[in-house]
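A closer look at the structure
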Amino acid sequence: MKKVFFIAGLIALSVSSLFAQETESKASYPGEFKIITVVESIVPMGMGRSRIIDSQTEVDASLFATDRTDGKKSDQNEISRKDIKIDELEETKLLNFFSATGINFQNIASNDAMISSKINSMIAQGWKLTYVTSGVESNSGTEDGQGIFITRLFFSR
């Protein structure tokens with residue numbers, strides 16, 4: 001009798017494990033993604049443009065993709081860049097990292113508050129922050145007066 005209960009227990013455990021894996025795999029693939037881009041200028045004295053960019057347009061990327069047949073022939077020239085550009089986006093103004101005297105920590109704290117507000121707004125709309133990536137672009141020459149710090153926030157739901 002103990003063997004019957006033991007085998008029944010193993011079967012029940014195996015079945016519940018399968019259901020848990022199926023539920024977990026469904027939960028790991030969200031229905032949609034949204035990317036918010038934060039561009040922060042490192043140009044001093046307010047000369048740069050820092051923004052939070054939120055696209056308000058849904059795009060089907062397959063309409064702008066082409067296939068290469070032999071690795072060299074491409075129909076990309078048939079796709080116009082102006083057709084790819086979207087017109088509907090939300091821009092939230094941010095402050096530049098530098099002022100006339102150097103790094104401006106008040107500007108950085110202000111930007112942090114604005115970015116946090118955007119993230120909290122997205123969460124309130126049912127989005128989940130799933131991934132963050134960032135990078136810096138600067139020419140780094142002796143008279144380097146230009147550059148950006150860019151962060152992409154990936155949301156899913």
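What you see is a predicted model; the values in this text were computed from it and never measured. (Residues numbered from 1 in each chain as written. Predicted model: local features only at pLDDT ≥ 70, side-chain atom pairs only at ≥ 80, totals over all residues. Heavy atoms only, no water.)

1. Comments concerning the overall build of the protein chain
Condition: Think of it this way: any DSSP run of H or I at least four residues long counts as a helix, any run of E at least two long counts as a strand, and we number them from the N terminus. Two residues form a contact once any of their heavy atoms are found within 4.5 Å. All accessible areas in this document rest on Shrake-Rupley with a 1.4 Å probe, and a residue is counted as covered only by the protein chains that are shown.
Counting secondary structure elements, the protein chain contains three helices and seven strands. For the protein chain, the succession of helices and strands along the chain, N to C, is α-β-β-α-β-β-β-α-β-β. By sequence separation, contacts in the protein chain at least 24 residues apart represent 65% of the contacts at least 6 residues apart. For the protein chain, the accessible surface area stands at approximately 12100 Å², while carbon and sulfur atoms represent 56% of it.

2. Concerning the pattern of salt bridges
Condition: Salt bridge, as used here, is a side-chain nitrogen of Lys or Arg placed within 4 Å of a carboxyl oxygen of Asp or Glu. The classification of residues rests on relative accessible area computed with a 1.4 Å probe and restricted to protein chains. Under 20% of the type maximum is buried, over 50% is exposed, and intermediate values are partly exposed.
Per the stated rule, a full pass over the model turns up five salt bridges. The salt bridge involving Arg 157 is made with Glu 32; its shortest N-O contact spans 2.9 Å. Residue Arg 157 is found in the segment after strand S7 (147-156), and its partner Glu 32 is found in the loop between helix H1 (2-27) and strand S1 (33-41); the two are separated by 125 residues along the sequence. Judged by its relative accessible area of 42%, Arg 157 falls in the partly exposed class.

3. Quick word on the confidence of the model for the protein chain
Heads up, the rule is: Values of pLDDT, ranging from 0 to 100, describe the predictor's confidence in every residue of the model.
Averaged over all residues, the pLDDT of the protein chain is 80; the fraction at 70 or higher stands at 72%. Mean pLDDT per element in the protein chain: H1 is the minimum at 55, and helix H3 (residues 105-124) is the maximum at 96.

4. Quick look at the environment of Phe 33
Mapped onto the elements of the fold, Phe 33 is located in strand S1. The class of Phe 33 is exposed, set by a relative accessible area of 54%. Considering only alpha carbons, one finds Phe 33 and Leu 129, 96 residues apart in sequence, at a separation of 9.7 Å. For Phe 33, the residues in contact, after removing those within four places along its chain, are Trp 127, Thr 130, Phe 155 and Ser 156.

5. Considering the nonpolar core
For clarity, the threshold we go by: Only buried residues count toward a nonpolar core. Its members are Ala, Val, Leu, Ile, Met, Phe, Trp, Tyr and Cys residues joined through side-chain atoms within 4.5 Å.
Core analysis: the biggest nonpolar cluster contains 10 residues, these being Ile 36, Val 38, Ile 52, Leu 94, Ile 115, Ile 119, Met 122, Trp 127, Leu 153 and Phe 155. Of all elements in the fold, only S1, H3 and S7 reach the threshold of two or more residues within this core. Excluding its chain neighbours within four sequence positions, the residues that come into contact with Ile 36 are Ile 52, Ile 53, Asp 54, Lys 118, Met 122, Thr 151, Arg 152, Leu 153 and Phe 155.

6. Things to note about the pairing of S7
Under the convention used in this document: Note on pairing: DSSP must find at least two bridges between two strands before they are called paired.
Where S1 lies against S7, nine bridges are found, and the strand directions are antiparallel. Note on S7: the bridge partner recorded for Ser 41 is Ile 148. With 10 bridges connecting them, strand S6 (residues 128-138) and S7 associate as antiparallel partners. Note on S7: the bridge partner recorded for Val 136 is Phe 149.

7. Digging into the packing of aromatic side chains
Stated formally: The criterion for an aromatic pair is that two Phe, Tyr or Trp rings (for Trp, the six-membered ring) have centres within 6.5 Å, with stacked assigned to planes under 30 degrees apart, edge-to-face to planes over 60 apart and tilted to the rest.
Counted under the stated rule, the structure contains two aromatic pairs. Centroid distance Phe 97 to Phe 149: 6.1 Å. Interplanar angle 45°. Geometry classified as tilted. With Phe 97 in the loop between strand S3 (89-94) and strand S4 (98-99) and Phe 149 in strand S7, the pair connects residues that are 52 residues apart, well separated along the chain. Using a relative accessible area of 26% as the deciding quantity, one classes Phe 149 as partly exposed. Aromatic side chains Tyr 131 and Phe 154 sit 5.7 Å apart centroid to centroid with 65° between the ring planes, which places their arrangement in the edge-to-face category. With Tyr 131 in strand S6 and Phe 154 in strand S7, this residue pair connects regions lying 23 residues apart in the sequence. Looking at Phe 154, the relative accessible area reads 21%, which means it is partly exposed.

8. Observations regarding H3
Quick note on the threshold: How far a helix is expected to stretch is found by multiplying one less than its residue total by 1.5 Å. To be clear, the arc concerns the directions from the helix axis to the C-beta atoms.
Relative to the 28 Å expected for 20 residues at 1.5 Å per residue, H3 spans 28 Å between its end C-alpha atoms, a close match to the ideal helical length. Residues Asn 107, Asn 111, Ile 115, Lys 118, Ile 119 and Met 122 constitute the buried set of H3. Buried residues of H3, seen end-on, are gathered within an arc of 105° and therefore sit on one face of the element. Seen from the open side of H3, the exposed residues pointing more than 90 degrees away from its buried face are Phe 105, Gln 106 and Ala 124. Contacts from the buried residues of H3 go to S1, strand S2 (50-55), S3, S6 and S7.

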